[in-house]
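# Topology and contacts: notes
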Amino acid sequence: MNTSAESVSVVLIDDEPLFRQGLRRFFSLSHSDAVVRVQVVGEADSVEQGLDLIQTRKPDMILLDMELPHLNGLDALLHLKEQAYAGDVLVLSAHQDDQWIFLAMQSGAKGYVFKEAVTEQLPAAIATVLAGKIYLAPDVATCFFRRFQDLASQSLPLVKSLHLTEREQDVLYWLVQGEPNTQIARHLFVTVATVKAHLTSIFEKLGVSSRTQAIVKALRLGLVKP
């Protein structure tokens, strides 16, 4: 038995009970020779339930599905960023399309593992993330950078067509980082009232009515680089 293994507490957020059960069994069977011992301290089948659990259990890591009822994994990542969650988020998802992977990573995930590859990749993914690094298997990385290149070629024309000013782009950048208005004002050396005025203009140009909607749209359009 490996008595020097590092221990990590996790919360599982996935709406498939059998998948959560399979993960628990996988962790229990792999404890004997694991480099990292995983302790599941909570399970949730929705983002709302998961956010409540995270507040009370304060896990080191969250294993997050992307397709969830009502709010999805992207919503969860944005809420966690706004709440300044101190741990790491590792996405375990059946979604393999470029868009989902790119949005998840740009929204704060530290790694992305396809569910079909969980047994082969999850131990390495957890160890990599705990070491302060990003985990993307080669096939996932290909999807991410393919989407990144697509957006890189589109972002400038989109910014011009939306008529976002340079200062509005600055405000949007810090908004996507999860900063509140007071911090955005400090970053840009302006007043909070000025930040609010820029946000009103940004919301109007993006056709949205809330901060979360603005963040999601900015990420989807590639207006803010990772």
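All of these numbers come straight from a predicted model, not from anything done at the bench.

With seven of nine residues buried, helix 4 (residues 98–106) lies mostly within the body of the structure. For helix 4, every residue scored as buried is listed here: Asp98, Ile101, Phe102, Leu103, Ala104, Met105 and Gln106. Measuring from the backbone nitrogen of Trp100 back to the side-chain oxygen at the start of helix 4 gives 3.3 Å, which picks out Asp97 as the cap. Gly108 lies just past helix 4 and shows a positive phi near 120°.

This model, assessed by the stated rule, comprises one cavity of 30 Å³ or more. Considered as a void within the structure, the largest cavity measures approximately 50 Å³ in volume. Along the walls of the largest cavity sit Leu12, Ile13, Asp14, Phe19, Arg20, Leu23, Leu63, Leu64, Asp65 and Leu92, which together make up its complete lining. Looking at the lining of the largest cavity, the elements with two or more residues in it are strand 1 (6–13), helix 1 (17–30) and strand 3 (61–64).

Helix 3 (residues 73–82) sits mainly inside the fold: seven of its ten residues count as buried. Next to the buried residues of helix 3 lie helix 2 (47–57), strand 3, strand 4 (88–93), helix 4 and helix 10 (211–221). With a side-chain oxygen positioned 3.0 Å from the backbone nitrogen of Leu74, the residue opening helix 3 is Asn72. Of the residues trailing helix 3, Ala84 is marked for its positive phi of about 55°.

Next up on the list: the packing of helix 1 against helix 5 (residues 118–130). Orientation of helix 1 relative to helix 5, taken along the N-to-C sense of each, is 65°, at an axis distance of 12 Å. The crossing of helix 1 and helix 5 is right-handed. Of helix 5, the residues touching helix 1 (which contributes Phe19, Leu23, Phe26 and Phe27) are Val118, Thr119, Leu122, Pro123 and Ile126. Taken together, the residues of the contact of helix 1 with helix 5 sort by class into eight nonpolar, one polar and no charged.

With that settled, consider the packing of aromatic side chains. All told, the structure shown has three aromatic pairs when counted by the stated rule. Look at Tyr112 and Phe114: their rings are 6.1 Å apart centre to centre, the planes differ by 85°, and that puts the pair in the edge-to-face class. The same class applies to Tyr112 and to Phe114, which are both buried. Relative to Trp174, the ring of Tyr173 lies with its centre 5.0 Å away and its plane at 80°, an arrangement referred to as edge-to-face. Judged by relative accessible area, Trp174 falls into the partly exposed class, the value being 22%. Between Lys115 and the ring centre of Phe19, over which it is positioned, the NZ or CZ distance is 4.3 Å.

Analysis parameters
Residues numbered from 1 in each chain as written. Predicted model: local features only at pLDDT ≥ 70, side-chain atom pairs only at ≥ 80, totals over all residues. Heavy atoms only, no water. Buried < 20%, exposed > 50% of the residue type's maximum accessible area, 1.4 Å probe, protein only. Helix = DSSP H or I, 4+ residues; strand = E, 2+ residues; numbered from the N terminus. Polar contact = N/O pair within 3.5 Å; in protein donor to acceptor, adjacent residues only side chain to side chain. 1 Å grid on protein atoms, 1.4 Å probe; cavity = no way out; pocket = protein on both sides within 12 Å on 5 of 7 lines; lining within 4 Å. Points joined across faces, edges and corners; volume = space filled by probe spheres on them. Contact = heavy atoms within 4.5 Å. Axes fitted to C-alpha atoms, helices over the stretch in contact; angles between N-to-C directions. Left-handed = near helix turned anticlockwise from the far one by under 90°. Nonpolar A, V, L, I, M, F, W, Y, C, P; charged D, E, K, R; others polar. Phe/Tyr/Trp six-rings, centres within 6.5 Å; stacked < 30°, edge-to-face > 60°. Lys NZ or Arg CZ within 6 Å of the ring centre and 35° of its normal.

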